[in-house]
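# Secondary and tertiary structure notes
Chain by chain, the residues:
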Amino acid sequence: MTRLSVNINKVATLRNARGGDVPNVIKVAQDCESFGADGITVHPRPDERHIRRKDVYDLRPLLRTEFNIEGYPAPDFIDLVLKVKPHQVTLVPDSPTQLTSNAGWDTKTHFDFLNEVLDEFNNAGIRTSVFVSTDTEMIEYAAKAGADRVELYTEPYATAYPKGREAAVAPFVEAAKVARSLGLGLNAGHDLSLVNLNYFYQNIPWLDEVSIGHALISDALYLGLERTVKEYKNCLR
Ligand SMILES: CC(=O)[C@@H](O)[C@H](O)COP(=O)(O)O
Ligand SMILES: NCC(=O)COP(=O)(O)O
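Residues numbered from 1 in each chain as written. Chains lettered and ligands numbered in written order. Predicted model: local features only at pLDDT ≥ 70, side-chain atom pairs only at ≥ 80, totals over all residues. Heavy atoms only, no water.

### So, the site of ligand 1
To keep things clear, this is the line we draw: Nearness of a residue to a molecule or strand requires only that one of the residue's heavy atoms be within 4 Å of it. N or O atoms within 3.5 Å of each other form a polar contact, as long as, within protein, one can give a hydrogen and the other can take it, and as long as residues adjacent in sequence are counted only when both atoms are side-chain atoms. Note on areas: these come from Shrake-Rupley sampling with a 1.4 Å probe, and a residue is covered only by the protein chains present in the view. Gly counts as polar in this scheme, as do all residues outside two lists: the nonpolar Ala, Val, Leu, Ile, Met, Phe, Trp, Tyr, Cys and Pro, and the charged Asp, Glu, Lys and Arg.
In the neighbourhood of ligand 1, the contacting residues comprise Asn7, Asn9, Lys10, His43, Arg45, His50, Glu70, Val92, Thr100, Ser101, Phe131 and His190. Between ligand 1 and the protein, one listed contact pairs an oxygen atom with a side-chain N or O atom of glutamate 70 at 2.6 Å. Within the side chain of histidine 190, an N or O atom sits 2.8 Å from an oxygen atom of ligand 1. In isolation ligand 1 has 350 Å² of accessible area, and contact with the protein removes 91% of it. Of the residues that constitute the shell around ligand 1, the class distribution is 2 nonpolar, 7 polar and 3 charged.

This is the structure:
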């Protein structure tokens, strides 16, 4: 089964626009769970532009499904994750001011750093995932560094999909096979949507998890949250 983890960053973006508590990030997360989501993802950024550290602490005891925290492993982030102990931490190579994630790790260049950080999380019993492109060498070094899983950065797939979905998915299928041969679990995310998700899943049915935020929360404006979560779940069958 491929799990759907709903990324609620954009719910926090909307809440922060007015400084109050509408929409309530925790209620939305709990509703996503009751509508069928298998997990909740957050990406607390250093400027707290959407998810805040407090949200992460508040969410932890209330979630009934898997909690995935994404981010660049700066000391503050490592401290937060070790205190909150989510089911999974996803390491992303973003700089503090970046608009959104736009690349996977160079796991060869940053091998020693990743190895040290992954050890820390592995020793704390937190499953680890490393955000990577489809470059085989990057996946191999993620495995050597001690990752439990890799998350394939799917923006290039989403962008190429309208021009030809077979060519768009081909490098991801190859990367997924490499990850599987190395014994890594497999996640995927970024710009997955109702348009492109089912084809991705059909080609890589051994995917463990997709995390989806931007398109899903946008679709919910038209379809409502309950129907949206169910439609994304239907794409994973
Ligand atoms: C890691 C990744 O691909 C993206 O999930 C990222 O977490 C989205 O972050 P923003 O919501 O800040 O764009
Ligand atoms: N890891 C990817 C994620 O959580 C959501 O990315 P997006 O759907 O907001 O592009």
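### Considering the site of ligand 2
Ligand 2 sits among Asn7, Thr41, Glu70, Glu151, Gly189, His190, Asp191, Ser211, Ile212, Gly213 and His214. The side chain of glutamate 70 places a nitrogen or oxygen atom 2.5 Å from a nitrogen atom of ligand 2. Within the side chain of glutamate 151, one N or O atom sits 2.5 Å away from a nitrogen atom of ligand 2. Across the complex, the protein chains shield 92% of the 310 Å² of accessible surface that ligand 2 would expose by itself. Along the lines of polarity and charge, the residues of the shell around ligand 2 split into 1 nonpolar, 7 polar and 3 charged.

### Focus: the UniProt feature "active site" (unreviewed entry) in the protein chain
To keep things clear, this is the line we draw: UniProt positions are given in the numbering used here, feature names are shortened, and annotations may be inferred rather than shown by experiment. Runs of E in the DSSP output that reach at least two residues are strands. Runs of H or I that reach at least four are helices, and both are numbered from the N terminus. Categorising residues by exposure relies on relative accessible area from a 1.4 Å probe, with only protein chains included: less than 20% of the type maximum marks a residue as buried, more than 50% marks it as exposed, and the intermediate range marks it as partly exposed. Between two residues, a contact is recorded if the distance between any of their heavy atoms is within 4.5 Å.
When the UniProt feature table is mapped onto this chain, "active site" (unreviewed entry) is found at His43, Glu70 and His190. A compact arrangement is adopted by the annotated residues: their sequence extent is 148 residues, whereas the largest C-alpha distance between any two is 12.2 Å. By the element assignment, histidine 43 lies in the loop between strand S2 (39-42) and helix H3 (53-59). Within the element layout of this structure, glutamate 70 appears in strand S3 (residues 66-71). Its relative accessible area of 8% is what places glutamate 70 among the buried residues. Ignoring anything within four residues of it in the chain, the contact list for glutamate 70 reads Asn7, Thr41, Val42, His43, Pro44, Phe77, Thr90, Val92, Glu151 and Ser211.

### What to know about helix H10 (residues 214-223)
Looking at H10, one finds that the buried residues are Ala215, Leu216, Ile217 and Ala220. Among the structural elements, strand S1 (3-7), helix H1 (9-16), strand S8 (209-212) and helix H11 (225-234) are those in contact with the buried residues of H10. A positive backbone phi angle near 85° is found at glycine 224, which sits one or two residues after H10.

### A word on the pattern of salt bridges
Put simply, the rule reads: Salt bridge, as used here: a side-chain nitrogen of Lys or Arg that lies within 4 Å of a carboxyl oxygen of Asp or Glu.
Scanning all chains against the criterion turns up 13 salt bridges. Its salt-bridge partner being aspartate 55, residue arginine 15 comes within 2.8 Å of it at the nearest N-O pair. Pair noted here: arginine 15 is in helix H1 and aspartate 55 is in helix H3, with a separation of 40 residues, a long-range link. Accessibility expressed as a relative area gives 8% for aspartate 55, which makes it buried. Among the salt bridges present, the one from lysine 230 reaches glutamate 226, with a minimum N-O distance of 3.5 Å. Taken as a pair, lysine 230 and glutamate 226 lie in helix H11 at a separation of 4 residues, close to a single helical turn. Given the relative accessible area of 36%, lysine 230 is considered partly exposed.

### Considerations on the sheet that holds strand S4 (residues 88-91)
Each strand in a sheet pairs with another by means of backbone hydrogen bonds, the pair being arranged parallel or else antiparallel. Put simply, the rule is: Whether two strands pair depends on DSSP finding at least two bridges between them. A fitted line through C-alpha atoms represents every axis, and for helices the fit uses only the stretch in contact; the resulting angles, taken between N-to-C directions, go from 0 to 180 degrees.
The sheet built from 8 strands closes into a barrel, its strands ordered S1-S2-S3-S4-S5-S6-S7-S8 with parallel pairing. Each strand axis lies, on average, 25° off the axis of its neighbour in the sheet, ignoring direction. Relative to S3, S2 runs parallel, the two sharing 4 bridges. Bridge assignment links valine 42 to a residue of S3, and that residue is isoleucine 69. Along the sheet, helix H4 (residues 75-84) contacts S3 and S4; its crossing angle with S3, the most-contacted strand, is approximately 170°.

### Brief notes about the nonpolar core
Note the following rule: We define the nonpolar core as a collection of buried residues of types Ala, Val, Leu, Ile, Met, Phe, Trp, Tyr and Cys that are connected through side-chain atoms lying within 4.5 Å of one another.
The biggest cluster of nonpolar side chains holds 76 residues, and the ones touching the most others in it are Leu4, Ile8, Leu91, Tyr157 and Val210. With 8 residues, the top contributor of residues to this core is helix H8 (residues 165-181). Excluding residues that lie within four positions of it along the chain, leucine 91 makes contacts with Gly71, Pro73, Phe77, Trp105, Leu114, Val117, Leu118, Phe121, Ser129, Val130 and Phe131.

### A look at the environment of cysteine 235
Looking at the element boundaries, cysteine 235 is found in the segment after H11. Sequence separation of cysteine 235 and glutamine 202 is 33 residues, and the distance between their C-alpha atoms is 8.9 Å. Once residues lying within four places of it in the same chain are set aside, the contact partners of cysteine 235 are Leu194, Leu197, Asn198 and Tyr201.

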